[in-house]
Amino acid sequence: MTTRLLLTPDVARVVRHDGIAPSFQMLARYIAEDYVRWSDFDKSARVANHSDDGVIELMPISDASLYSFKYVNGHPKNHRVGLPTVMAFGVLADVATGTPRLLSELTLSTALRTAATSALAAQHLARPGSRTMALIGNGAQSEFQALAFHHLLGISEIRLFDVDLAATDKLVRHLSDVEGLTLVRCRDAAEAACGADIVTTVTADKRNATIVTPDMIEPGMHVNGVGGDCPGKTELHREVLARANVFVEYEPQSRIEGDVQQMPADFPVTEFWRVLRGEAAGRRSDDEVTVFDSVGFALEDFATLRWLGDRAEALGLGRELALVPAMDDPKDLFGELESTSGEAADAAAEADGMTAAQAATRIPAGLRAALLNCVPHRKDAWTTPPSSRKSAAALEAPAT
Ligand SMILES: NC(=O)c1ccc[n+]([C@@H]2O[C@H](COP(=O)([O-])OP(=O)(O)OC[C@H]3O[C@@H](n4cnc5c(N)ncnc54)[C@H](O)[C@@H]3O)[C@@H](O)[C@H]2O)c1
């Protein structure tokens, strides 16, 4: 029984093998498949631990057969110390036994799934025939948003703005060769939004920012708000929400974390799964302003882990890990402590005058005594680093 480990290069290989457009299509299909069976899931708002400069969150969810969680952070100042704002990993496990089946990176995968979810929502909420999108915030998530909207919605012009010119330079460098996509650099968010069918905000700032103000809104616009995803971290002026038809992922979580945290508790919102199931209307007219107030929901990561697991298996990617010990007697966990494998045990066996064959079947007496009595067996028999060896030596020193 092993757990498949997928690292970022493995996820990159999946996307390179399948192609970026088919990857977004496939991922959006997995996400939609899971959203339409909404009632199958045991759901909860994510658990967030906040600090002055960021947040660390756990996002669990399960259906009758699979459980997943994602660990994800959000630290907008991280770039100052050379780290990404968002870093993530996650697990997919069997519900029947609790066995972890897949342990995967989710940093790159979160960018893919967020963009796939945004584009999926826009397919139902943006005006049909939308061609122009403003992309405000050109950081780590931005190219993924641009490509998902280009490939899944046919967006052909993207109007860019970021307070950091270097971030926009990076995006232009990556995407200038995309066929059928024109990139336009803008001086500010208002210029970017002017004439756009869709406005995507994907900025990172731990405060109530007003990236999109009411004067920027034109009839029929769709606003894809991605960066407002924490208490006290919003992007849309409350009047933008007040005048729009607002859609969220999971209402209990979005009321706390989304841009709608600024609105009264009875401000009307529609959960997006209801639109996908045909139980609620999406866009109702060409003039209506729609907002997808995205915060990222565990179900999207569950679907992403399913997609990654399936593609990794099909392509033979990843590495099998013995993350959980394989035991002849599952009740004999203590036997794992006495395991005779490893350098420490080899050295201990040698000290006890045992052969390798004897050592393989019986824990050396010296090592057992050391283990049970909290004393080192022999200071040179431990595989600990020199600093710990010093403390082991100190333990052996005669009392003065
Ligand atoms: N909704 C979701 O599911 C989801 C998923 C992933 C990330 N996010 C959020 O998306 C945001 C962006 O993530 P990222 O990984 O791209 O972060 P990032 O730090 O790499 O990029 C954010 C960019 O926003 C720019 N910015 C900040 N304030 C701005 C402003 N006032 N106007 C224009 N640009 C501004 C920054 O200069 C930076 O380039 C974060 O807030 C993150 O928490 C949401």
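Refer to the structure above for everything that follows.
Bear in mind the structure is a predicted one, so any value in this text is a computation, not a measurement.

Cut-offs and rules
Residues numbered from 1 in each chain as written. Predicted model: local features only at pLDDT ≥ 70, side-chain atom pairs only at ≥ 80, totals over all residues. Heavy atoms only, no water. Near = heavy atom within 4 Å. Polar contact = N/O pair within 3.5 Å; in protein donor to acceptor, adjacent residues only side chain to side chain. Areas by Shrake-Rupley, 256 points an atom, 1.4 Å probe, with all protein chains shown as cover. Helix = DSSP H or I, 4+ residues; strand = E, 2+ residues; numbered from the N terminus. Nonpolar A, V, L, I, M, F, W, Y, C, P; charged D, E, K, R; others polar. Patch = residues over 30% accessible without salt bridge, like charges linked within 9 Å, V, L, I, M, F, W, Y side chains within 5 Å. Salt bridge = Lys/Arg side-chain N within 4 Å of Asp/Glu carboxyl O. Lys, Arg positive; Asp, Glu negative; His and termini not counted. Charge placed at Lys NZ, Arg CZ, Asp CG, Glu CD. Pairing = 2+ DSSP bridges. Contact = heavy atoms within 4.5 Å. Axes fitted to C-alpha atoms, helices over the stretch in contact; angles between N-to-C directions. Buried < 20%, exposed > 50% of the residue type's maximum accessible area, 1.4 Å probe, protein only. Expected span 1.5 Å × (residues − 1). Phe/Tyr/Trp six-rings, centres within 6.5 Å; stacked < 30°, edge-to-face > 60°. Lys NZ or Arg CZ within 6 Å of the ring centre and 35° of its normal.

(A) Region of the structure containing the site of the ligand. Neighbouring residues of the ligand: 26 residues in total, closest T85, A140, D162, D229 and K233. At a separation of 2.8 Å, an oxygen atom of the ligand approaches a polar side-chain atom of D229. The contact in question runs from a nitrogen atom of the ligand to an N or O atom on the side chain of S294, over 3.0 Å. Its free accessible area being 870 Å², the ligand has 88% of it covered by the protein chains. If you tally residues by element for the shell around the ligand, the top one is helix α3 (residues 107-125), at three residues. The class makeup of the residues in the shell around the ligand is eleven nonpolar, ten polar and five charged.

(B) Layout of a negative patch on the surface. Taken together, D328, D329, D332 and E336 make up a surface patch of like negative charges. Here D332 shows up in the loop between β17 (319-321) and α11 (334-337).

(C) Molecular detail of the sheet that holds strand β8 (residues 157-161). With parallel pairing, the eight strands of this open sheet are ordered in space as β9-β8-β7-β10-β12-β16-β14-β15. Two strands close off the open sheet at either side, each with one partner strand: β9 (182-185) and β15 (270-271). Where strand β12 (residues 222-225) and strand β16 (residues 290-293) come together, four bridges link them in parallel fashion. Within the sheet, the bridge partner assigned to G225 lies in β16 and is D293. The strands that α3 touches are β12, β14 (245-248) and β16; relative to β16, the one it contacts most, it runs at about 155 degrees.

(D) Molecular detail of the pattern of salt bridges. Applying the stated criterion to the full structure yields 27 salt bridges. Among the salt bridges present, the one from R311 reaches D18, with a minimum N-O distance of 2.8 Å. On the criterion of sequence distance, the pair formed by R311 in helix α10 (residues 298-315) and D18 in helix α1 (residues 8-18) is long-range, its members being 293 residues apart. This pair shows no difference in class: R311 is buried, exactly as D18 is. The salt bridge partner of D169 is R185, with a shortest N-O separation of 2.7 Å. Residue D169 is located in helix α5 (residues 165-175), and its partner R185 is located in strand β9; the two are separated by 16 residues in the primary sequence. Judged by its relative accessible area of 35%, D169 falls in the partly exposed class. One continuous salt-bridge network, built from bridges that share partners, spans R29, E33, D34, R37, D40, D63 and R306.

(E) Region of interest: helix α2 (residues 20-36). For α2, spanning 17 residues, the distance from its first C-alpha to its last is 24 Å, which sits close to the expected 24 Å at 1.5 Å a residue. Within α2, the full set of buried residues consists of A21, S23, F24, M26, L27, A28, Y30, I31, A32, D34 and Y35. Where α2 is buried, its residues touch α1, α3, α4 (142-153), α9 (272-276) and α10.

(F) How the structure looks around the side chain of R159. Assignment of secondary structure puts R159 in strand β8. At 2.8 Å, the side chain of R159 and the backbone oxygen of E191 are in polar contact.

(G) A look at the environment of H75. Inspection of the secondary structure assignment puts H75 in the loop between β4 (66-74) and β5 (88-94). For the pair H75 and I56, spaced 19 residues apart in sequence, the C-alpha separation works out to 8.6 Å. Not counting chain neighbours up to four residues away, the residues in contact with H75 comprise S51, D53, G54, V55, I56 and T85.

(H) Looking closely at the packing of aromatic side chains. On inspection of all chains with the given rule, the structure shows ten aromatic pairs. Ring centres of Y35 and W38 lie 5.9 Å apart, and the angle between their planes is 15 degrees; this geometry places the pair in the stacked category. Residue classification places Y35 among the buried residues on the basis of a relative accessible area of 0%. Of the aromatic side chains, those joined through ring pairs into one cluster are Y35, W38, Y250, F272, W273, F292 and F297. The residue whose ring lies beneath K43 is W38, and the NZ or CZ to ring-centre distance is 4.7 Å.

Keep in mind that these numbers describe shape and distance, not what the molecule does.
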